[in-house]
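Structural characterization, general
The lines below spell out each chain.
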Amino acid sequence: MKLLVLDLDGTLWDHPDASRLSPLYEFHGDYLVDSNGQKLRLFPGVREFLEWASGRFILSIASWNIEERVRPILEGFSLWDYFLFPKIENHPNKADMIRTTIGELQSTGYDVDGVIYVDDRTLHVEDVRKALPNLKFIHMWVDAKSFEELRELLERMGW
């Protein structure tokens, strides 16, 4: 089965650094307000995309963030349970995050036969491709301008 790895900041939601938000979070549908009044919004179609993708891929996360700040956001939006072995770590080495996820999946019996990485920035792509040369990268908001387009792109590519 293919592994679909998603970034968070700027990819699933509009905030550039969710680790800077201050708990307690107040949730209102597809957005939240932190204790300082800052907002974070899920991009339109995220929930529908994850529901669709969960039946076709193993879903995981590679995010340069602080898990203690970001996991409650995913849980508050009821998104946490879509992901297996998510990596939310306070360093930029996404190649290591993805490699670790693949190892954990394989050690628990999953057969990973391809990796697709979706991020709104290309900052980490070169390092990730060096570590995982067969990885497919989708540049969110460039290759796909919405989550509907992302779904259509994945379908067209036969993934």
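Attention in this report is confined to the structure presented alongside it. In this text, all values refer to a predicted model and were calculated from it rather than measured experimentally. (Residues numbered from 1 in each chain as written. Predicted model: local features only at pLDDT ≥ 70, side-chain atom pairs only at ≥ 80, totals over all residues. Heavy atoms only, no water.)

**Notes on the overall build of the chain**
Across its full length, the chain holds five helices and eight strands. Moving toward the C terminus, one meets the helices and strands of the chain in the order β-β-β-β-α-β-α-β-α-β-α-β-α. The globule rule puts the C-alpha radius of gyration for 159 residues at 15 Å, and the 15 Å found for the chain is close to it. Taken along the three principal axes of its C-alpha coordinates, the chain extends 45 × 30 × 30 Å. A fraction of 63% describes how many contacts in the chain between residues 6 or more apart in sequence connect residues 24 or more apart. The average position of the 18 basic charges and that of the 27 acidic charges among the side chains of the chain differ by 3 Å. (Helix = DSSP H or I, 4+ residues; strand = E, 2+ residues; numbered from the N terminus. Rg over C-alpha atoms; globule rule 2.2 N^0.38 Å. Contact = heavy atoms within 4.5 Å. Lys, Arg positive; Asp, Glu negative; His and termini not counted. Charge placed at Lys NZ, Arg CZ, Asp CG, Glu CD.)

**Some remarks on the nonpolar core**
By size, the foremost hydrophobic cluster in this structure holds 36 residues, and its most contacted members are L4, W13 and L74. Where this core is concerned, the elements lending two or more residues are β1 (3-6), α1 (46-54), β5 (58-64), α2 (67-76), β7 (115-119) and α5 (147-156). The element best represented in this core is α1, accounting for five residues. Ranked by size, the runner-up nonpolar core spans 17 residues in total, among them I58, L105, V112 and V115. (Core = buried A, V, L, I, M, F, W, Y, C linked by side-chain atoms within 4.5 Å. Buried < 20%, exposed > 50% of the residue type's maximum accessible area, 1.4 Å probe, protein only.)

**Details of α1**
Taken as a whole, α1 has its buried residues at V46, F49, L50, W52 and A53. In a view along the axis of α1, the buried residues occupy a sector of 165 degrees, so they form one face of it. In this structure, the buried residues of α1 make contact with β1, β5 and α5. (Arc of directions from axis to C-beta.)

**Looking at unusual backbone geometry**
The step from P23 to L24 runs through a cis peptide bond, and the omega angle for that step is 10 degrees. The residue L24 is located in the loop between β1 and β2 (26-28) in this model. We note that S78 has phi near 60 degrees; this positive angle belongs to a residue other than glycine. Mapped onto the fold, S78 is located in the loop between α2 and β6 (87-89). A positive phi is found at W141, a non-glycine position, where the angle reads about 80 degrees. Relative to the assigned elements, W141 resides in the loop between β8 (136-139) and α5.

**Quick word on the side chain of S63**
The residue S63 is located in strand β5 in this model. Leaving out residues up to four positions away in the same chain, S63 has contacts with D7, L8, K87, I88, E89, K94 and M97.

**Description of the layout of surface pockets**
Reported here for the largest pocket is a volume of approximately 240 Å³. D9, P16, D17, W64 and R121 are, among the 16 residues lining the largest pocket, the residues nearest its centre. For the lining of the largest pocket, a count of residues per class yields three nonpolar, six polar and seven charged. (1 Å grid on protein atoms, 1.4 Å probe; cavity = no way out; pocket = protein on both sides within 12 Å on 5 of 7 lines; lining within 4 Å. Points joined across faces, edges and corners; volume = space filled by probe spheres on them. Nonpolar A, V, L, I, M, F, W, Y, C, P; charged D, E, K, R; others polar.)

Purely spatial values, then, with no claim about function.
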